[in-house]
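Working through the structure, step by step
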Amino acid sequence: MSRKARVVDIPVIGELDRTTGNLSLQLARSLRKAIHKGELKAGDLLPSTRVLSSALNVARGTVLEAFEQLKAEGFLEMQYGSGTRVARLLESDNKKPSPTIPIIADDIPLSAQAQAFAQTAAQMKPLAPVPFAVSVPALDTAPDDIWRRLGNRIRAKGPGAPSGYGDPQGALALREAICEYVRKARSVHCTPQQIIITSGTQQGLYLATQILLDSGDSAWVEEPAYPGITAIFASAFRDRTMVRIPVAESGIDVAVGREIAGNAKAVFVTPSHQYPLGMPMSMAQRNALLAWAKEHKSWIVEDDYDSEMRYSGHPFASLQGLDPARVIYLGTFSKVLFPSLRLGYAIVPELLVDAFCGARILMDRHPPSADQYVLASFMAEGHLDRHIRKMRSVYAEKRKVLIEAIRIYIDVELGELQPCDQGMHMVLWLKRGLDDCVVAQKCAQAGISLRAISPMYGTARRRSGLLLGLGGYSDQEITRAIIKLNGIMVSLTQSGR
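A short tour of the structure in this document, coming up. All residue numbers refer to positions counted from 1 along the written sequence of the respective chain. In view of the model being predicted, local features appear only for residues whose pLDDT reaches at least 70, and side-chain atom pairs are presented and counted only at 80 or more, with totals across whole chains, interfaces and linings using the full set of residues. Hydrogens and water molecules were not included; the side-chain quantities draw on all heavy atoms of the structure.

1. Observations regarding the environment of Ala 122
By the secondary structure assignment, Ala 122 is in helix α5 (residues 112-124). C-alpha separation for the pair Ala 122 and His 273, spaced 151 residues apart in sequence, amounts to 25 Å. Secondary structure elements follow DSSP: runs of H or I no shorter than four residues count as helices, runs of E no shorter than two count as strands, and numbering proceeds from the N terminus.

Shown next, in the form of structure tokens:
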């Protein structure tokens, strides 16, 4: 004999908050929660919509709307002449009522892909904006007023106003401005049609890896290297082989590359200012790299990292200018303007333009339009050139302060500064067996942000060192932080760590 349906008491629904509105959604949420908790069981008969609306002092339509929503979700069954019941298909769930819904499904194993991406997130998480976090812009160089004025003009009624889909290559006005800029500043040879606007160098690296390499192909990567490129191979493209080539005083060692992976399809380099060590690639190594690439029909991906910030002499010319048909050139405005801008560019040989456009469409279709037009005007009116000159002067002074503070306050038995005459960071090599990861962790607890260098190596060649960013901090903050750093290293040395 079938069980007689139990008519549910009204109080299980709870009170409705009339100040927030959406009463039907509140009612549906309350009923759904009661079903999950087992307070409403499969087959239970609910009060009629007329009775329930009267009891809750709401319109009958409100109750009908809630019932219809729960019916669509499979929680309720509504039959003419039989009333509204909790769906019987939920009976097995209600036999073991659970007081709460689990927030974390810790019984589901993570895929290797998920674990790799999680490791990347931990390694590349932005540092707190305290000395010596890299990529924190110096506030006294920020072009806030000019940028705001241009933005107000261009976003309101100009070309940056909201519109339809844009060109996957980016705004033509910005590509034309970039073409002129890199021609003068970096000796790059290109046309606006070869430029793809990206959301920064990281996206350019991802696109290049995706486009230039097939499954099973190998590519040279510097040793040590920017984590953003090594993480791409370790997570997104594990079916491509990353071959770590050591960096010497003159840049990537092409002879070693030829010996261990001579048939690689591509090479990823930072020739103007090697990341993280800081040295430029010598002309001899540049010629050797170009000769190898031509011989093996391989691509060169040039990440022109920090090229603008050279403090003695002129910035080095680009690799792209020496062989435009073989080099993919990546640049960004995140460093010289502000990281939140998220605008960069890839300059690619004509043969690759369509491929980059197609990959860009599948990734995010096109870059946001408004800031592209603001940046194009910023460049066309000469503001970028003036801004970079100002930045170079400010960072040159901060570099002097940092070098002097290290000379005075860092024990020579504990640390040694890497010689470098350009860039927005410096490298402090650690001695006496100090673990850079431990030092960085202790510094974070003391209000100092540092990147450890040893994780940027992939082999036994790794060295212990720290990245010290130059921007965003006063001279006094730099000096105080260096004194703290020395104290932490002394303490770790004395404790045997």
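Further notes follow.
2. Comments concerning the sheet that holds strand β13 (residues 451-452)
Through backbone hydrogen bonds, the strands of a sheet pair up, either in parallel or in antiparallel fashion. Paired strands, in this sense, are two strands between which DSSP finds at least two bridges. Taken in spatial order, the four strands line up as β11-β12-β14-β13 in an open sheet, and their pairing is antiparallel. Unpaired on one side and paired on the other, β11 (415-417) and β13 mark the two borders of the sheet. Of the strand pairs in this sheet, β11 and strand β12 (residues 425-430) are connected by three bridges, and their pairing is antiparallel. Residue Gly 415 lies in a different strand from β12, and its bridge partner there is Leu 430.

3. Observations regarding the pattern of salt bridges
Any carboxyl oxygen of Asp or Glu that lies within 4 Å of a side-chain nitrogen of Lys or Arg is treated as forming a salt bridge with it. Inspection of the entire model under this criterion finds 18 salt bridges. A salt bridge links Asp 421 to Arg 310; its shortest N-O distance comes to 3.4 Å. Taken together, the positions of Asp 421 in the loop between β11 and β12 and Arg 310 in the loop between β8 (299-303) and β9 (327-332) put the pair 111 residues apart, joining distant regions of the chain. Residue class for Asp 421 comes out partly exposed when judged on its relative accessible area of 24%. For the exposure calls, accessible area comes from a 1.4 Å probe over protein chains only, and a residue counts as buried if that area is under 20% of its type's maximum, exposed if over 50%, partly exposed in between.

4. A look at the side chain of Ser 334
Position of Ser 334 relative to the elements: it lies in the loop between β9 and β10 (344-347). In this structure, Ser 334 is in contact with Pro 339, Arg 342 and Leu 343, ignoring residues within four places of it in sequence. What makes two residues a contact is simply this: any of their non-hydrogen atoms within 4.5 Å.

5. Topic: the packing of helix α8 (residues 201-212) against helix α12 (residues 353-364)
In this analysis an axis means a line fitted to C-alpha atoms, helices contributing only their contacting stretch, and an angle means the value between N-to-C directions, from 0 to 180 degrees. Close contact between α8 and α12 brings their axes to 10 Å; oriented N to C, the two are set at 120 degrees. The chirality of how α8 crosses α12 is right-handed. Along its contact with α8, which presents Gln 203, Tyr 206, Leu 207, Ala 208, Gln 210 and Ile 211, the element α12 presents Ala 355, Phe 356, Ala 359, Arg 360, Met 363 and Asp 364. A clockwise turn of the near helix away from the far one marks a right-handed crossing, whereas an anticlockwise turn of less than a right angle marks a left-handed crossing.

6. Observations concerning the packing of helix α14 (residues 383-409) against helix α16 (residues 475-494)
Running from N to C, α14 and α16 cross one another at 30 degrees; their axes reach a closest spacing of 9 Å. Judged on the interaxial angle alone, α16 and α14 are roughly parallel. For the pair α14 and α16, the sense of crossing is right-handed. Here Lys 398, Val 401, Leu 402, Ala 405, Ile 406 and Tyr 409 of α14 come into contact with α16, specifically with Asp 475, Ile 478, Thr 479, Ile 482, Ile 483 and Asn 486. Class assignment for the residues of the contact of α14 with α16 results in eight nonpolar, two polar and two charged. An angle below 35 degrees is read as roughly parallel, one above 145 as roughly antiparallel, one from 65 to 115 as roughly perpendicular, and any other as oblique. When residue character is reported, Ala, Val, Leu, Ile, Met, Phe, Trp, Tyr, Cys and Pro are called nonpolar, Asp, Glu, Lys and Arg charged, and the others, Gly included, polar.

7. Structural notes on α16
In this scheme, a helix's expected span is set at 1.5 Å multiplied by one less than its residue total. End to end, α16 covers 29 Å across 20 residues, agreeing with the expected 28 Å (1.5 Å per residue, within 8%). Within α16 the residues assigned to the buried category are Ile 478, Ala 481, Ile 482, Leu 485, Asn 486, Ile 488, Met 489 and Leu 492. Along the long axis of α16, the arc covered by the buried residues comes to 165 degrees, so they all point the same way. Away from its buried face by more than 90 degrees, α16 exposes Arg 480 and Gln 494. On its buried face, α16 is in contact with α14, β12, α15 (436-445) and β14 (465-469). Immediately downstream of α16, the backbone of Gly 496 shows phi near 80 degrees, a positive value. Here, the arc refers to the directions that run from the helix axis to the C-beta atoms.

8. Here's the deal with helix α3 (residues 60-72)
Between its first and last C-alpha, α3 extends 18 Å over 13 residues, near the 18 Å set by a 1.5 Å rise per residue. Looking at α3, one finds that the buried residues are Thr 62, Val 63, Ala 66, Phe 67 and Leu 70. Looking straight down α3, one finds that the buried residues subtend no more than 130 degrees of arc, so they occupy a single side. Exposed residues lying more than 90 degrees from the buried face of α3 are Glu 65 and Ala 72.

9. Things to note about the pairing of strand β7 (residues 266-269)
Covered by surrounding structure in β7 are Ala 266 and Phe 268 together with Val 267 and Val 269, the residues of both alternating faces. Where strand β4 (residues 218-223) and β7 come together, three bridges link them in parallel fashion. Considered in β7, the bridge of Trp 220 is made with Val 267. Of the pairings in the sheet, the one linking β7 to β8 comprises four bridges and is parallel in character. Across the sheet, the residue bridging to Ala 266 is Trp 299, located in β8. Here, the term right-handed applies to a crossover whose path from the first strand over the helix to the second runs clockwise when the strands point away from the viewer. At this point the chain moves from β7, through helix α11 (residues 283-296), to the parallel β8, and the crossover so formed is right-handed.

10. A short note on the state of the cysteines
Throughout, a disulfide means two cysteine sulfur atoms within 2.5 Å of one another. The tally for this structure, following the rule as stated, stands at zero disulfides. Free cysteine: Cys 190, not disulfide-bonded; nearest cysteine sulfur from Cys 179 at 3.7 Å. The class of Cys 190 is buried, set by a relative accessible area of 18%.

11. Some remarks on the nonpolar core
By convention a nonpolar core is built from buried Ala, Val, Leu, Ile, Met, Phe, Trp, Tyr and Cys residues, the set being connected through side-chain atoms within 4.5 Å. Core analysis: the biggest nonpolar cluster contains 65 residues, and Phe 333, Leu 337, Tyr 345, Leu 375 and Leu 485 have the highest contact counts within it. Among the elements that line this core, the one with the most residues is α14, at nine residues. Once residues within four sequence positions are removed from consideration, Phe 333 is found in contact with Ile 178, Phe 338, Leu 341, Leu 343, Gly 344, Tyr 345, Leu 375, Met 379 and Leu 384.

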